[in-house]
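Observations on the model geometry
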Amino acid sequence: MSGSALVRAAFFAAGALVGGGVTTVVSSRNSTVPPRPTPVASSTPASIIELDRNGKARLQETTGILSNKSVSSILKYGNPGPIADPLVRQAYVAAYDRRLRHPAWVRHWPFLSKEDTAEHLTQASLKPAKPADGGDRSKSNFIEDESLPVPFRARLKDYFRSGYDRGHMVPAADAKFSQAAMDETFLLSNMAPQVGDGFNRHYWAYLEEWCRRLTGSFQDVYVFTVPLYLPRQDSDGKWRVSHEVIGSPPNVAVPTHFAKVVLTSKPVSPSKPDTLEISTGAFVLPNAIIPDEAPLESFVMPVEAVERAAGLTLFSDEIKAQSSHICRTTKCQVIVRRFDDAQQKAKAIAAPK
């Protein structure tokens, strides 16, 4: 086995154990903890994507703490959180993590019409109606998100000489339909620190392009990007999560891994346009240099493992039960595009003012 293969194996041994390992640890400790009061909220987490009555995937409405007199009394002077700021943009929706200073998750929202209120990638959504109306990456600049409270913002100076790229969670190339939409992808609230050469500018970019190519085979393509913090086993046999924090003072957390989770759908046949074939899949990549020759399928992980690691419920149980794995319905293979290295180079990070 090559050195790079051994590195990947070490990264993903941790990832594979996140679900079962953490559950086992929690279960063993709960035996000595007194029973907790019944929570006010439902014990069943709401999924972010579910099926409607017509079998079409749609975004689930999220709700906060249920209305309750006792809760209202306890939180009379304010709810301390944690708060995930909802970010609704032209090309995507996201939940911003104030503690980590980057998105908890993002989902592409590049196409919306009166006839179709589902949020998804399509071939039409990746192109402007008129070439002159499209977004130009060279006209966009990285900017801080002033919609977020000042104490919880990622700042431009945090990335200065950090050794990391300002990695787009929703790619600028997915928002070419307008300049305003593309500009929103350059908000720091859409960024997380990523290794540049060998990851953000290469293998991660190949994966983003693979997601866009899915629109050629499927009617609807939904893409989640989820930063992750996964444990690694130390020499003493114990599992620990260790990650860097950039900025001075330290401000923005550096994820150990990133997940791309996709859901696609298409009619099972032309004669049954309302009966959809659904496919799902999750890929977890270390925030590290990845060789171009690494097969995409080597990064496949169960959707449930990503959900447990991130504390999210991305898809309903119904979707999971009905879907096929994406690598069974299409080819899971990235295309290496080294010819566009000049275009992929990160913009120079200016010195802090």
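Fair warning: this is a prediction, and the values are worked out from it, not measured in the lab. (Residues numbered from 1 in each chain as written. Predicted model: local features only at pLDDT ≥ 70, side-chain atom pairs only at ≥ 80, totals over all residues. Heavy atoms only, no water.)

**Describing the overall build of the protein chain**
The number of helices and strands found in the protein chain is 10 helices and 16 strands. Sequence separation of at least 24 residues holds for 72% of the intrachain contacts in the protein chain that already meet a minimum separation of 6. Of the roughly 18,900 Å² of accessible surface on the protein chain, 53% is carried by carbon and sulfur atoms. (Helix = DSSP H or I, 4+ residues; strand = E, 2+ residues; numbered from the N terminus. Contact = heavy atoms within 4.5 Å. Areas by Shrake-Rupley, 256 points an atom, 1.4 Å probe, with all protein chains shown as cover.)

**Some remarks on helix 6 (residues 203–213)**
Where burial is concerned, most of helix 6 is hidden: 10 out of the 11 residues are buried. What helix 6 keeps buried is the set Y203, W204, A205, Y206, L207, E208, E209, W210, C211 and R212. (Buried < 20%, exposed > 50% of the residue type's maximum accessible area, 1.4 Å probe, protein only.)

**Regarding the state of the cysteines**
This structure, assessed with the given rule, holds one disulfide. Here C327 pairs with C332 through a disulfide, and the sulfurs are 2.1 Å apart. Between C327 and C332 the disulfide shows an S-S torsion of about -105 degrees. By sign, it is left-handed. With respect to class, C327 is no different from C332; both count as buried. C211 takes part in no disulfide bond, and the closest cysteine sulfur to it belongs to C332, at a distance of 9.8 Å. Judged by relative accessible area, which is 3%, C211 ranks as buried. (Disulfide = S-S within 2.5 Å.)

**Points about the packing of aromatic side chains**
Across all of its chains, the model carries nine aromatic pairs by this definition. Judged by centre distance (5.0 Å) and plane angle (65 degrees), the rings of F142 and F186 are edge-to-face. With F142 in the loop between strand 5 (102–108) and helix 3 (156–159) and F186 in the loop between helix 4 (179–184) and strand 7 (191–194), this residue pair connects regions lying 44 residues apart in the sequence. A single burial state applies to F142 and to F186, both of which are buried. Here W204 and F258 contribute two aromatic rings whose centre-to-centre distance is 5.6 Å and whose plane-to-plane angle is 55 degrees, an arrangement assigned as tilted. Linking W204 in helix 6 with F258 in strand 13 (residues 257–269), this pair joins segments that are 54 residues apart in sequence. Each member of the aromatic cluster is reached from another via a ring pair, and the members are W105, F224 and F315. R166 extends its terminal NZ or CZ atom over the ring of F142, reaching a point 3.9 Å from the ring centre. (Phe/Tyr/Trp six-rings, centres within 6.5 Å; stacked < 30°, edge-to-face > 60°. Lys NZ or Arg CZ within 6 Å of the ring centre and 35° of its normal.)

**Brief notes about the nonpolar core**
Counting residues in hydrophobic clusters, the biggest one holds 49 residues, and the most contacted among them are Y203, W210, F283, L285, L296 and I326. Listed by contribution, the elements that provide at least two residues to this core are strand 4 (92–97), helix 4, strand 7, helix 6, strand 8 (220–228), strand 13, strand 14 (272–286) and helix 9 (326–329). In terms of residues, this core owes the most to one element, helix 6, which gives six residues. The residues contacting I326, other than those within four sequence positions of it, are W210, F218, V262, T264, S279, T280, G281, F283 and C332. Counting residues in hydrophobic clusters, the runner-up holds 22 residues, among them Y222, I278, V303 and I319. (Core = buried A, V, L, I, M, F, W, Y, C linked by side-chain atoms within 4.5 Å.)

**A look at the pattern of salt bridges**
Evaluated as defined, the whole model comprises 10 salt bridges. For D85, the salt bridge identified is with R98, shortest N-O distance 2.7 Å. Here R98 lies in the loop between strand 4 and strand 5 and D85 lies in strand 3 (residues 84–88), a separation of 13 residues in the sequence. Neither residue differs from the other here; D85 and R98 are each classed as buried. For R240, the salt bridge is made with D234, and the minimal N-O distance between the two is 2.8 Å. (Salt bridge = Lys/Arg side-chain N within 4 Å of Asp/Glu carboxyl O.)

**Re the confidence of the model for the protein chain**
Of the residues in the protein chain, 70% reach a pLDDT of 70 or more, and the chain-wide mean stands at 80. Per-residue pLDDT stays below 50 along residues 1–44; that stretch engages in 36 contacts with residues further than four places along the chain or on separate chains. With pLDDT under 50 throughout, residues 110–120 is counted as low confidence; its partners more than four residues away or in other chains account for 28 contacts. (pLDDT = per-residue confidence, 0-100.)

**Structural notes on the pairing of strand 4**
The buried count for strand 4 comes to five of six residues, which makes it a mostly enclosed element. Both strand 3 and strand 4 contribute to a ladder of five bridges, which runs antiparallel. In the sheet register, V88 faces strand 4, and the bridge partner there is V93. Linkage of strand 3 to strand 4, two consecutive antiparallel strands, is achieved through a turn of three residues. Sheet topology note: the strand 4/strand 5 ladder contains six bridges and is antiparallel. (Pairing = 2+ DSSP bridges.)

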